[in-house]
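# A closer look at the structure
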Amino acid sequence: MYKYGGKLSASLLQTNLNVSCSLRVRNLFASRYLQDAGGTTPGNEQPNVFRKRKFIPQNPDQKAACDLPQEARVVVCGGGIVGASVAYHLALLGWGKQTLVLEQDTVAGDSPWCASGLAGRFEPSYTELKLAEYSVQLIKDFTNKGLPTGWKQVGSLNLGRTFDRMISFNRMKSCGVAWDIPCEILSPEQCKEKCPIIEVNDLLGGLWIPNDGVCDPHLVCQTLIEEAKRMDVRVVEHCAVKKIRAERGKVTQVDTTAGDVKCEFFVNCTGFWAREVGTLSKPPVKVPLKAVEHHYLHTKPVEGLNPQTPFVRDFDGGIYFREKDGCILAGGFEREAKVAFEDGFIPLSQKERVLPPDWDHFHDLLDELLKRVPALRSARLDRLTNALQAFSPDCKWIMGEAPEIQNYYVSAGMKTIGVSAAGGIGRALADLIVKGSTELDIHILDISRFLGLHNNRKFLTDRVKEVPGKHYQINYPFDEFKTGRNLRMSPIYPSLKEAGAVFGQTMGYERPNYFDQNDKKDEFGIPRFRIAETKTFGKPHWFDLVASEYNACRERIGLADYSSFTKYDLWSKGTEVVDLLQYLCSNDVDVPVGSIIHTGMQNEKGGYENDCSLARLSEKHYIMIAPTIQQTRSMSWIRKKMPNHLRSGVNVADVTSMYTAICILGPYTRVLLSELTDTDLTPSNFPFFTYKELDVGLANGIRALNLTHTGELGYVLYIPNEYALHVYERIYQAGQKYNIQHAGYYATRALRIEKFYAFWGQDLDTNTTPLECGRSWRVKFNKPIDFIGRAALEKQREEGVKRMYVQLLLNDHDHEVDVWCWGNEPIYRDGKYCGMTTTTGYGYTFKKQVCLGFVRNVDEQGNELPVTNDYVLSGHYEVEVAGMRFEAKVNLHSPNLPTKFPDKEREAYHATRDKPDQADLLSFMTKPQS
């Protein structure tokens, strides 16, 4: 009765597959099933599946040697769906004859059993959503042309069991309406109508996305390759790459088992092997990626199964299923994934990569499937396949130009939904190669978001156990990983932990998010390591703790750890460093020694590649302070854009790990620091936005910047690591008389949101220009050096901006009971969608929700018109939060918040300006008159 293909009764499945079933019985079922199916059992693995091996390409193929050209402009390594898409889109741009695809096996692979085939548009970010949207449309276009894709528009049904899940769905629906994605919130009964085979007794509702569909990724890949070949792309199979050669930092040649190919561009689309292929160049390209096991359950044909059955995702159960050729294809994401090939060496052949199904590991997901789809209990099982799926450390796709080698591009980490990503990513990479830029801002997916630590094999093994489970978990605000922690820690980390710090992680750094004195030690009296959590979309449990830290920064003294900030030293023997920075930066950096310049580094379109502060330490020496996530990216940009005549004269060093950065904020900071140093800190000697080197306590060589990046009074002290603990202790001890208090990231974030400060990666990106966010005063068009992006900014200045950065204060929003704004909320002007929020938070002085974001002016035909101050100020605004709209007051400039300690320098500086006379923001306490 266990025979492969035989009917499995409900009682049998209940006995063998239920949560309470014994391990022995489940193993017996798996053993007999696999023997009948021609597979292997856990005790009888083929030795070549798990053997330890290095990345050794296959033996040369004679046909490949004959087909391989000696030269190609672009070599695409990998004939999977992403590689095929890159080749296809290069051909669309006219590079077909100059593109070569290399595949170590056969293009499109030979296993149609290892993909779900979901082609949906909804993704966690706008960038990912637009890439997926294009991918789906491309599949539809192929289908309309009669090309094979397996496309069916069956819709996707997303099920919710909890209140927070339904809030998440309502947030998605709000975004969907704004981004023109039809979707609908359903009741449990309506979910049943969409898919009659599901059980709905434990559901609160669902989200229906009618335009989603399913396809056959194998067919889509074949179609992409055939269309690429039709446009003269050359494809060579059974040809493996041995080495990628580079000269002067750029790709020059690819060595293969069939011969060598000279080229200008190399694209690593090798999926599971992308990390190993990265090691085939000098310097190696770091592609942080790890494969985990992922199971797909296939049934025999199910009688009466509707071919238009939607793709169903039960997020809270971690499972999904769809109809495929009259059968059910199902899978899921475990809370803890099982890492495949932990030694890092993945076999090249498809046969060797097929792992035996692990019924014990799949058991929890199977139980959820049986609960959600009772019909599965009587279904005929076909097979359980155990395939590899590659994940990045942050559960996002990886793409872009490698920081280590110019013209070396990467696309990897598709996390089971490669068909939804392939079209968009292929087009974006082709645009980067041919045009040098893309229409979309892709920094959140760019490979330069990682450091070397992220590519550590043991780190990846630890992290990717957690990553797949994140795929279906509720996307709460400020989500944190629990694995791969305690890697980068400032010297004052133990003291902060003892002081009650609750940590978040950014670029591997442990950074206090807030401080909590409760339960800060374990049963042995040792300070706990605690990870910050915000498991709500409403008022967070840390609200009062952050309020206290916020008040300390505004009324007394707050102490924050800024050590994670990116820090570069730039210097030269002559004036080369000044010339370089004048070329890279839109502001004028040729300022007196001791000055601080806040500037953007623009791209050719005028967008922000970096937003940083430069302190001039001497005539030929600067320190650059940039956002934490810029540590790899900025170095790559500087090296890429450095003119040849300056390369030998300018030195750039990443000193991030050499200095501990302590920020003291508040009205008493000048008095406190004066007690610890002999330097005169009066405004006439050490004014706002200037730099000095100080002695603090018994330490020397402290780089002090008179700013805080929040709009509050204070200083950031960049302390050589060996002095950090000493300086910290002196500051904290001397600050007791002023009631000094530790402050975390959440408090400093709240300060900068109220002060209307834009941060790169949250508000600013590669498509945002200084003119759009009130920073045109930081662009010096009259500089003697023609800086990058100047022409684009001059054109925008003449034509007017098409969007404008605003601050919105929500009225009638009760922070105690209403759902909060957490970013990506639609903004409506006079009832019409006009933009999205970027950074949001509670304003502890305003006593309101504060949203930062961009407003557009789009006419009835969809044309974008210039946005002016009058246009912005004349509208009536609402912000939609999880389906509910709240009226909002709009601001165009940085406000002066009321304080007991007014300061002329602070009040005179506005991060966002170029605006009309400022109004008293706090005088607006009632709804605007319509």
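Just so you know, these numbers come straight off a predicted model, no measurement behind them.

The full count for this structure, using the stated rule, is 36 aromatic pairs. A ring pair is formed by Tyr88 and Phe142, whose centres lie 5.5 Å apart and whose planes are at 75°; its orientation type is edge-to-face. Of this pair, Tyr88 sits in helix H5 (residues 81-95) while Phe142 sits in helix H6 (residues 126-144), and the two are 54 residues apart along the sequence. The exposure classification of Tyr88 matches that of Phe142, with both residues buried. One aromatic cluster in this structure is built from Phe478, Tyr514, Trp542, Phe543, Tyr550, Tyr745, Tyr746, Trp820, Trp822, Tyr842 and Tyr844. For Lys470, the ring lying beneath its charged end belongs to Phe481, and the centroid distance is 5.1 Å. One residue, Arg511, lies across the ring of Tyr745, its end atom 3.9 Å from the ring centre.

Quick look at the state of the cysteines now. All told, the structure shown has 0 disulfides when counted by the stated rule. With no disulfide of its own, Cys612 lies 5.3 Å from the sulfur of Cys585, the closest cysteine sulfur.

Okay, the pattern of salt bridges next. If you walk through the whole model with that rule in mind, you get 46 salt bridges. With a closest N to O distance of 2.2 Å, Glu133 and Arg121 form a salt bridge. Taken together, the residues span a long stretch of sequence, with Glu133 in helix H6 and Arg121 in the loop between strand E3 (118-119) and H6 at a distance of 12 residues. By relative accessible area, Arg121 is classed as buried at 11%. Lys338 is paired through a salt bridge with Glu293; the nearest N and O atoms lie 4.0 Å apart. Taken as a pair, Lys338 in the loop between strand E16 (327-332) and helix H11 (350-353) and Glu293 in strand E13 (residues 290-299) lie far apart in primary sequence, 45 residues in all. Here Lys338 falls in the partly exposed class, since its relative accessible area comes to 32%.

What follows covers the sheet that holds strand E22 (residues 558-561). Across the sheet, 6 strands lie side by side as E29-E30-E31-E28-E22-E32; this open sheet has mixed pairing. Pairing within the sheet leaves two strands with one partner each, and these edge strands are strand E29 (691-696) and strand E32 (741-742). One ladder, built from 5 bridges, connects E29 with strand E30 (residues 699-705); its direction is antiparallel. Of the residues in E30, the one forming a bridge with Glu693 is Arg703.

As for its placement among the helices and strands, Leu440 is situated in the loop between helix H13 (418-435) and helix H14 (457-463). The spacing of Leu440 and Thr127 is 313 residues in sequence and 6.6 Å in space, taken between C-alpha atoms.

So, about helix H22 (residues 745-754). Of all 10 residues making up H22, 10 are buried, and the element is well covered by its neighbours. Remark: Phe756 follows H22 within two positions and exhibits a positive phi of approximately 65°.

This part is about the pairing of E22. Side-chain alternation along E22 places Gly558 and Ala560 on one buried face and Leu559 and Asp561 on a second face that is also buried. Pairing analysis gives 4 bridges linking E22 to strand E28 (residues 659-665), with the strands arranged antiparallel. Bridge pairing in E28 places Leu559 opposite Ile664. The sheet contact formed by E22 and E32 spans 2 bridges and is parallel.

A few words now on the layout of surface pockets. Of the volumes computed, that of the second largest pocket is approximately 1000 Å³. Lining the second largest pocket are 40 residues; nearest its centre among them are Glu401, Ser636, Trp637, Lys640 and Lys641. With 6 residues, helix H19 (residues 631-641) is the single largest residue contributor to the lining of the second largest pocket. Per-class residue counts for the lining of the second largest pocket are 10 nonpolar, 14 polar and 16 charged.

A word on unusual backbone geometry. Look at the link from Lys282 to Pro283: it is a cis peptide, with omega at 0°. Along the polypeptide, Pro283 turns up in the loop between helix H10 (274-278) and E13. Positive phi is not limited to glycine here, since Phe341 has a value of about 50°. With respect to the helices and strands, Phe341 occurs in the loop between E16 and H11. Positive phi, normally seen in glycine, also occurs at Met507, with a value near 50°. With respect to the secondary-structure elements, Met507 resides in the loop between strand E20 (501-506) and strand E21 (509-515).

Criteria and thresholds
Residues numbered from 1 in each chain as written. Predicted model: local features only at pLDDT ≥ 70, side-chain atom pairs only at ≥ 80, totals over all residues. Heavy atoms only, no water. Phe/Tyr/Trp six-rings, centres within 6.5 Å; stacked < 30°, edge-to-face > 60°. Helix = DSSP H or I, 4+ residues; strand = E, 2+ residues; numbered from the N terminus. Buried < 20%, exposed > 50% of the residue type's maximum accessible area, 1.4 Å probe, protein only. Lys NZ or Arg CZ within 6 Å of the ring centre and 35° of its normal. Disulfide = S-S within 2.5 Å. Salt bridge = Lys/Arg side-chain N within 4 Å of Asp/Glu carboxyl O. Pairing = 2+ DSSP bridges. 1 Å grid on protein atoms, 1.4 Å probe; cavity = no way out; pocket = protein on both sides within 12 Å on 5 of 7 lines; lining within 4 Å. Points joined across faces, edges and corners; volume = space filled by probe spheres on them. Nonpolar A, V, L, I, M, F, W, Y, C, P; charged D, E, K, R; others polar.

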